[in-house]
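Residue strings, one per chain:
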Amino acid sequence: VNREYSGLQISVIGSKPVNFLVGIFRLFPSSEIYSRTLIAGDPVYGFLSGLLLKVVKSRNSKLQLQFHGDVYTKNSIHDFKSFVRFFIVRISLRLANSVRVVSNFQISELRSLARIGTQFIVAPIPLNYQKIPVDPQINRSGIGIIGRLHPERGTREFISIVQELRSRRVCEPVYVIGDGKD
């Protein structure tokens with residue numbers, strides 16, 4: 001499904017692994033896509049989709065995870081499905097370049113699980129557009145978001161931020177990968 005929202009071209013391909021992979025090859029049949037950072041909306045499905053996208057089409061991208069609750073301690077294991085989720089989360093922490101959390105307390109819990117050098121970001125924070133780097137050699141800075149597109153996940157806020165970045169000529173291209181109400 002392709003649609004336009006506030007001047008942004010949006011292609012919806014779904015997040016199930018097979019649909020995702022087929023959709024990526026349909027959207028970008030021959031070339032590698034450029035995105036400085038792929039933002040995985042969750043540390044399981046978003047991470048797996050982001051990792052797949054990074055390996056197949058965007059090798060130079062950095063991968064950012066988001067944590068909104070405790071899915072990374074043994075307390076989160078209740079059954080086999082939660083055990084698999086826990087295992088994937090632990091792997092995602094070792095492979096992520098940055099991790100966005102909702103509190104400093106989460107940073108203290110996650111720091112020992114992540115690789116050395118992983119950047120932690122507490123959100124929500126005021127966004128300072130002057131601190132967003134632009135790669136001078138490429139002269140562009142892409143951004144992508146991967147995950148469920150639902151109002152509670154901040155889709156409209158993401159679009160607002162992208163519009164501001166584009167008006168400052170900081171953000172090209174933009175990739176939105178996921179499915180949902182938005």
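Residues numbered from 1 in each chain as written. Predicted model: local features only at pLDDT ≥ 70, side-chain atom pairs only at ≥ 80, totals over all residues. Heavy atoms only, no water.

### Regarding the packing of helix H2 (residues 45–57) against helix H3 (residues 80–95)
Argument step 1. At their nearest, the axes of H2 and H3 sit 10 Å apart, and the two run at 45° to each other. What the angle tells us is that H2 and H3 run oblique. Note that H2 runs across H3; the crossing there is left-handed. Of the residues in H3, those in contact with Phe-47, Leu-48 and Leu-51 of H2 are Ile-88, Ile-91, Ser-92 and Leu-95.
Argument step 2. Residues that form the contact of H2 with H3 fall into these classes: six nonpolar, one polar and no charged. (Axes fitted to C-alpha atoms, helices over the stretch in contact; angles between N-to-C directions. Helix = DSSP H or I, 4+ residues; strand = E, 2+ residues; numbered from the N terminus. Parallel < 35°, antiparallel > 145°, perpendicular 65-115°, else oblique. Left-handed = near helix turned anticlockwise from the far one by under 90°. Contact = heavy atoms within 4.5 Å. Nonpolar A, V, L, I, M, F, W, Y, C, P; charged D, E, K, R; others polar.)

### Some remarks on H2
Argument step 1. The end-to-end C-alpha distance of H2 is 18 Å, a good match for the 18 Å that 13 residues give at a rise of 1.5 Å each.
Argument step 2. Those residues of H2 that fall on the buried side of the exposure criterion are Gly-46, Phe-47, Ser-49, Gly-50, Leu-53 and Lys-57. Seen end-on, H2 carries its buried residues on one side only, within an arc spanning 165°. (Expected span 1.5 Å × (residues − 1). Buried < 20%, exposed > 50% of the residue type's maximum accessible area, 1.4 Å probe, protein only. Arc of directions from axis to C-beta.)

### Re the environment of Thr-118
Argument step 1. Inspection of the secondary structure assignment puts Thr-118 in the loop between helix H4 (104–110) and strand E6 (119–122).
Argument step 2. C-alpha separation for the pair Thr-118 and Gln-64, spaced 54 residues apart in sequence, amounts to 9.6 Å.
Argument step 3. Discounting chain neighbours no more than four positions away, the residues touching Thr-118 are Leu-93, Ala-96, Asn-97, Ser-98, Val-99 and Arg-111.
Argument step 4. Looking at Thr-118, its side chain comes within polar contact range of the main-chain oxygen of Arg-115, at 2.9 Å. (Polar contact = N/O pair within 3.5 Å; in protein donor to acceptor, adjacent residues only side chain to side chain.)

### Details of the packing of aromatic side chains
Argument step 1. Scanning all chains against the criterion turns up one aromatic pair.
Argument step 2. Each ring, one from Phe-67 and one from Tyr-72, has its centre 5.6 Å from the other, and the planes form 85°; the classification is edge-to-face. (Phe/Tyr/Trp six-rings, centres within 6.5 Å; stacked < 30°, edge-to-face > 60°.)

### Notes on a nonpolar patch on the surface
Argument step 1. A cluster of nonpolar side chains, contributed by Phe-80, Phe-83, Val-84, Phe-87, Ile-91 and Leu-95, occupies part of the molecular surface with about 580 Å² of accessible area.
Argument step 2. On the secondary structure map, Leu-95 appears in helix H3.
Argument step 3. With relative accessibility at 40%, the residue Leu-95 sits in the partly exposed group. (Patch = residues over 30% accessible without salt bridge, like charges linked within 9 Å, V, L, I, M, F, W, Y side chains within 5 Å. Areas by Shrake-Rupley, 256 points an atom, 1.4 Å probe, with all protein chains shown as cover. Salt bridge = Lys/Arg side-chain N within 4 Å of Asp/Glu carboxyl O.)

### As for the sheet that holds strand E5 (residues 98–101)
Across a sheet, paired strands are connected by hydrogen bonds in the backbone, their directions being either parallel or antiparallel.
Argument step 1. Sheet architecture is open: six strands sit in the order E6-E5-E4-E3-E7-E8, paired in parallel fashion. This sheet does not close on itself; its edge strands, each paired only once, are E6 and strand E8 (174–177). Averaged over all neighbouring strand pairs, the angle between strand axes comes to 20°, with direction disregarded.
Argument step 2. As defined by bridge partners, strand E3 (residues 37–40) adjoins strand E4 (residues 62–66) across three bridges and the pair is classed as parallel. (Pairing = 2+ DSSP bridges.)

### A closer look at the nonpolar core
Argument step 1. Of all hydrophobic cores here, the largest spans 27 residues; its most connected members are Leu-53, Phe-67, Tyr-72, Val-89, Leu-93, Val-99 and Leu-110.
Argument step 2. Where this core is concerned, the elements lending two or more residues are helix H1 (17–27), E3, H2, E4, H3, E5, H4 and E8.
Argument step 3. If we skip the residues at most four places from it in the chain, Tyr-72 touches Phe-67, Phe-86, Val-89, Arg-90, Leu-93, Gln-106, Glu-109, Leu-110 and Leu-113.
Argument step 4. By size, the runner-up hydrophobic cluster in this structure holds eight residues, among which are Ile-39, Leu-149, Phe-158 and Val-174. (Core = buried A, V, L, I, M, F, W, Y, C linked by side-chain atoms within 4.5 Å.)

### Points about the pairing of E4
Argument step 1. Most of E4 is tucked away: four of the five residues are buried.
Argument step 2. Read as a crossover between parallel neighbours, the route from E3 over H2 to E4 is right-handed.
Argument step 3. Two strands pair when backbone bridges link them, and E4 and E5 are joined in this way by three bridges, in the parallel orientation. Counted as the bridge partner of Gln-64 is Ser-98 from E5.
Argument step 4. In the classification by handedness, the crossover that spans E4, the intervening H3 and the parallel E5 is right-handed. (Right-handed = clockwise from strand over helix to strand, strands pointing away.)

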